[in-house]
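Spelled out from the first residue to the last, the chains are:
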Amino acid sequence: MGKFKITKSEIEGVFTVEPTVFGDERGYFMETYNENDFKEEGIDLTFVQDNQSKSSKGVLRGLHFQYTQPQGKLVRVIKGEVFDVGVDLRKESKTYGKWIGEILSEENKKQLFIPKGFAHGFLVLSDEAEFVYKCTDFYNGEDEGGIQWNDPDIGIEWPLGDLTEDDILLSEKDQQWKPMKETETERLDNMLVFENEAYEKGYNYVCGVDEAGRGPLCGPVVAAAVILPKDAHIEG
């Protein structure tokens, strides 16, 4: 009997993972990851970083991605319940700009595998939730980008339940993300890190284009650096 039921989704590369749970009067045991079993299902990856977060109801984290160090993520919930979402940013993909979502909870013990090239986020539905995930690359804050959580062009159907949009709790950083059509999701070849200038001028959000007119590339100023093309014209 296989230890996992791994199901392909309608978006290529995204899988739901359901473990086999062995339970008795003492409790239960399950494997949450097994390299050999995953390889048999075509998920042949090396995970290099594990993360865990705790959040209260209404917290929404996302939608995040990394430019040059894209992360594949295997995500699950060990307490509470969340709605987990991936948005396809692979421009060559037939599902570019499409989203997929899954309820993950301590009860259903489901996992969602989201490959590289996706923006990722989740909304906490229970009073609190503990969320854990494995990553195929390391987190790099200077490499991070994001997309507005309620971008109307993407149209994610967040299951708000008794929540309203005003109840959604976002970090300061996540409040600044723009819609996908205003966000460059791939770095141009000649991009550099422009340190200090935008930060010192007090800009919250900047856009720029390079000498060839490519862009715009936009992003929030969340630290003393912002990613822009070389020779971009900075505007507040």
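The structure this text deals with has already been given above.
Counting restarts for each chain, with residues numbered from 1 along the sequence as it is written. Per-residue local features of the predicted model are confined to residues with pLDDT of at least 70, and side-chain atom pairs are confined, for both listing and counting, to 80 or more; whole-chain, interface and lining totals are unaffected and use all residues. Side-chain numbers come from the whole structure's heavy atoms, not from hydrogens or water.

A. Geometry of the side chain of Gln111. Helical segments are the DSSP runs of H or I of at least four residues, strand segments are the runs of E of at least two, and each set is numbered from the N terminus. Position of Gln111 among the secondary structure elements: in strand S10 (residues 111-114). The rule is simple: take the accessible area with a 1.4 Å probe, protein chains only, and divide by the maximum for that residue type; under 20% is buried, over 50% is exposed, in between is partly exposed. On the basis of relative accessibility, which here comes to 3%, the residue Gln111 falls in the buried class. Whenever two N or O atoms come within 3.5 Å, that pair is a polar contact, provided that in protein one can donate a hydrogen and the other can accept it, and provided that, for residues adjacent in sequence, both atoms are side-chain atoms. Engagement of the side chain of Gln111 in a polar contact is seen with the backbone oxygen of Thr32, the distance being 2.9 Å. Only heavy atoms matter for contacts: two residues are in contact if any of them lie within 4.5 Å across the pair. Non-local contacts of Gln111, meaning those with residues more than four positions away in its chain, are made with Phe15, Thr16, Val17, Thr32, Leu74, Val75, Arg76 and Leu104.

B. Structural context of the sheet that holds S10. Two strands pair if DSSP finds at least two bridges between them. Strands sit in the order S1-S2-S10-S7-S12-S5 across an open sheet of 6 strands; the sheet is antiparallel. Both outer strands of the open sheet, strand S1 (4-8) and strand S5 (49-56), are each paired with one neighbouring strand and no more. The average undirected angle you get between the axes of adjacent strands in this sheet is 25 degrees. The pairing of strand S7 (residues 73-79) with strand S12 (residues 128-135) spans 6 bridges and is antiparallel. By the bridge assignment for S12, Arg76 is matched with Val132. In this analysis, axes come from line fits to C-alpha atoms, helices being fitted only over the stretch in contact, and the angle between any two N-to-C directions falls in the range 0 to 180 degrees.

C. Spotlight on the pattern of salt bridges. One side-chain nitrogen of Lys or Arg within 4 Å of one carboxyl oxygen of Asp or Glu is enough to make a salt bridge. Here the structure, examined in full by the defined rule, presents 11 salt bridges. Between Asp37 and Lys3 there is a salt bridge; the shortest N-O distance is 3.3 Å. With Asp37 in helix H1 (residues 35-40) and Lys3 in the segment before S1, this residue pair connects regions lying 34 residues apart in the sequence. Asp37 sits in the buried class, given a relative accessible area of 16%. Exposure remark for Lys3: the relative accessible area of 27% places this residue in the partly exposed category. Each of the salt bridges in this network shares a partner with another, and the network as a whole consists of Lys54, Lys79 and Glu128.

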